[in-house]
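Coordinate inspection notes
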Amino acid sequence: MADGVLSFPLTSFHDDGSLDPDGFRAYVAERIATGPGAVFPACGTGEFFSLDEDEYRQVVTITVEEAGGRVPVVAGIGYGWAQAVRFARIAEEAGADALLVLPHYLVTAPQDGLVAQLEQIAARTRLPLIAYQRGQVAFSVASVKRIADIPTVVGLKDGHSDLDRLQRLTLAAPEDFLFFNGAATAEIQARAYATVGVPAYSSAVHAFAPEIANAFFTAFQGGDDGTVDKLLRDFYVPLVELRDRVPGYAVSLVKAAARLRGCPVGPVRAPLTDPSAADLADLELLLAAGLDLVGAAL
C-alpha cells in the first residue's frame, strides 16, 4: 500500500438517487488504471452511510472485478458490530482483501468498548481489519497495544491529526502494525505525518484528479520539496479553504469535481447536498489551475 496513493472511489448514483452500477464500473476502472496502492470502496468518500446492503454488495463486487487482483481492495464496514459484521460477510463473499472499520454510530464509548467492538468483528470474519479513529473514536496507547494483539487487526487509520498522540501510538505498536494518514485532504499534512513514521495516506483528490494526486505523491516520495510546496500553495490549500465553506463538502465537492471531469458519479445522497452554483464555479477554476500545474487538462 505504500507504493501508491490510497484511492477512495466515489459511489455513482443516477439523478434520481438510485445506484448506477454501470457508471460506477467505468469510474472505478479508471481509478484503478492510474495505479493506486490500494482501493477502498464504500468508505466515507463512497457514501457508505447511505448504501443499503444490496448496493454495498454491488459496489464491492464491481471493485473486486475491476481490480482483478492488481491492487488490494479494502471495503468499508461500520455502525455497531452486529451490522458491521453483516457488511463484512458481504465484502468477504465479494472477494475483498481487507476491511476498514469506520467509526461506530452515534455514541461515545469507553476504551474497553472500542476494543470489544473490534474483537466482536474479528471473531466473525477472516478478513484483515484496519481500525479507523476519527470523531468519537480515539484509541489510547493501551488500547492500541490490545487491538494489535488481535491477530486479524493489522493497522490503524488516523483522522484526528494529533501528532503528539499519534507518535505515542506508533511507538507502542508492533513494528509490522500499519498506520495511515486519514486526515481530510491528507496531502496537507503528509509531511507532518511522515515525521512520526506514517508516510502512507488516503487521497480524496485521487477521486477526481489522479494526475494531481499522483504528481504530489511522486514529489513527496522523491523529496521534491519545490513541487510539493507549489502544489500545496496553489491547489491543495485553496481546495481546503473551499471545502471548509459548507459541512459535507469533503464528499460533495469531490463528487462535483469528478462530474466536472466527465466522470459518471452523479449527485450525492441526503443528508449531503451538492455545491452551490457559486462554489461550483470557484471549484471549476481551481480544478483547471491544478491540472495545469501538472500538465493536464480539464
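Residues numbered from 1 in each chain as written. Predicted model: local features only at pLDDT ≥ 70, side-chain atom pairs only at ≥ 80, totals over all residues. Heavy atoms only, no water.

Okay, the overall build of the chain next. Scanning the chain from N- to C-terminus turns up eleven helices and eight strands. Seen through its C-alpha atoms, the chain measures out along the principal axes to roughly 50 × 45 × 35 Å. Taking all 298 residues of the chain together, the buried fraction comes to 52%. Computed over 23 positive and 37 negative side-chain charges, the inter-centroid distance for the chain is 4 Å. (Helix = DSSP H or I, 4+ residues; strand = E, 2+ residues; numbered from the N terminus. Buried < 20%, exposed > 50% of the residue type's maximum accessible area, 1.4 Å probe, protein only. Lys, Arg positive; Asp, Glu negative; His and termini not counted. Charge placed at Lys NZ, Arg CZ, Asp CG, Glu CD.)

Turning next to the environment of Leu272. Inspection of the secondary structure assignment puts Leu272 in the loop between α10 (249-260) and α11 (277-293). Separated by 24 residues in the primary sequence, Leu272 and Gly248 have C-alpha atoms spaced 5.8 Å apart. When neighbours within four sequence positions are excluded, Leu272 is seen to be in contact with Glu47, Phe49, Gly248 and Val251. (Contact = heavy atoms within 4.5 Å.)

On the basis of which strands lie adjacent, the open sheet formed by five strands has the order β3-β4-β5-β6-β7 and parallel pairing. Either end of the sheet is taken by a strand with one partner, and the two such strands are β3 (74-77) and β7 (178-181). Mean inter-strand twist for the sheet, computed between neighbouring axes without regard to direction, equals 25 degrees. Two elements, strand β4 (residues 98-101) and strand β5 (residues 129-133), share three bridges in a ladder whose sense is parallel. Looking at the pairing, Val101 lines up with Ala131 of β5. Set on the sheet, helix α6 (residues 163-172) makes contact with β5, β6 (153-158) and β7; between it and β7 the angle comes to about 160 degrees. (Pairing = 2+ DSSP bridges. Axes fitted to C-alpha atoms, helices over the stretch in contact; angles between N-to-C directions.)

Counting 103 residues, the largest nonpolar core has Tyr56 and Phe208 as its most contacted members. When near neighbours in sequence (up to four residues on either side) are disregarded, Tyr56 contacts Ala42, Phe48, Leu51, Ala75, Gly76, Ile77, Phe87, Ile90 and Ala91. (Core = buried A, V, L, I, M, F, W, Y, C linked by side-chain atoms within 4.5 Å.)

For the pair α10 and α11, the least separation of the axes is 10 Å and the interaxial angle reads 65 degrees. Two packed elements cross with a definite hand, and for α10 against α11 that hand is right-handed. Here Tyr249, Leu253, Ala256, Ala257 and Leu260 of α10 lie close against α11, whose contacting residues are Asp279, Leu280, Leu283, Glu284 and Leu287. Its residues placed into classes, the contact of α10 with α11 shows eight nonpolar, no polar and two charged. (Left-handed = near helix turned anticlockwise from the far one by under 90°. Nonpolar A, V, L, I, M, F, W, Y, C, P; charged D, E, K, R; others polar.)

Those residues of α6 that sit buried are Leu166, Leu169 and Thr170. Relative to the axis of α6, the buried residues are bounded by an arc of 95 degrees and lie together on one face. Away from its buried face, by an angle of more than 90 degrees, α6 presents the exposed residues Asp164 and Leu171. Where α6 is buried, its residues contact β5, α5 (141-148), β6, β7 and α7 (190-195). (Arc of directions from axis to C-beta.)

Turning our eyes to something else, we now look at helix α1 (residues 21-33). With 13 residues, α1 should cover 18 Å at 1.5 Å per step; its first-to-last C-alpha distance of 18 Å lies within 8% of that length. Lining the buried residues of α1 we find β1 (6-7), β2 (38-39), α2 (53-67) and α8 (210-222). Looking one or two residues past α1, Gly35 carries a phi angle of roughly 80 degrees, positive in sign. (Expected span 1.5 Å × (residues − 1).)

In the structure shown here, the tally under the stated rule is 13 aromatic pairs. Counting every residue linked through ring pairs, the aromatic cluster contains Tyr201, Phe216, Phe217, Phe220, Phe235 and Tyr236. (Phe/Tyr/Trp six-rings, centres within 6.5 Å; stacked < 30°, edge-to-face > 60°.)

This part covers the state of the cysteines. Put plainly, two cysteines are in a disulfide when a covalent bond ties their sulfur atoms together. Counted by the stated rule, this structure contains zero disulfides. Note on Cys43: no disulfide assigned, nearest cysteine sulfur contributed by Cys263 at a separation of 18 Å. For Cys43, a relative accessible area of 1% translates into the label buried. (Disulfide = S-S within 2.5 Å.)

Counted according to the given criterion, the structure contains 19 salt bridges. Here Glu30 and Arg31 are joined by a salt bridge, their closest N and O atoms 3.3 Å apart. Using a relative accessible area of 4% as the deciding quantity, one classes Arg31 as buried. Between Asp225 and Arg191 there is a salt bridge, with its nearest N and O atoms 3.4 Å apart. Pair noted here: Asp225 is in helix α9 (residues 225-243) and Arg191 is in helix α7, with a separation of 34 residues, a long-range link. For Arg191, a relative accessible area of 33% corresponds to the partly exposed category. (Salt bridge = Lys/Arg side-chain N within 4 Å of Asp/Glu carboxyl O.)

Strand direction decides the pairing type here: β6 and β7, joined by four bridges, are parallel. Across the sheet, the residue bridging to Gly155 is Leu178, located in β7. The parallel pair β6 and β7, bridged by α6, forms a crossover whose chirality is right-handed. (Right-handed = clockwise from strand over helix to strand, strands pointing away.)

With that out of the way, let us pick up the sheet that holds strand β8 (residues 202-203). If you walk across this open sheet you meet the three strands as β2-β1-β8, and the pairing is parallel. The open sheet terminates on both sides in strands that have one partner only, identified here as β2 and β8. Direction of pairing for β1 relative to β2: parallel, over a ladder of two bridges. By the bridge assignment for β2, Leu6 is matched with Ala38.

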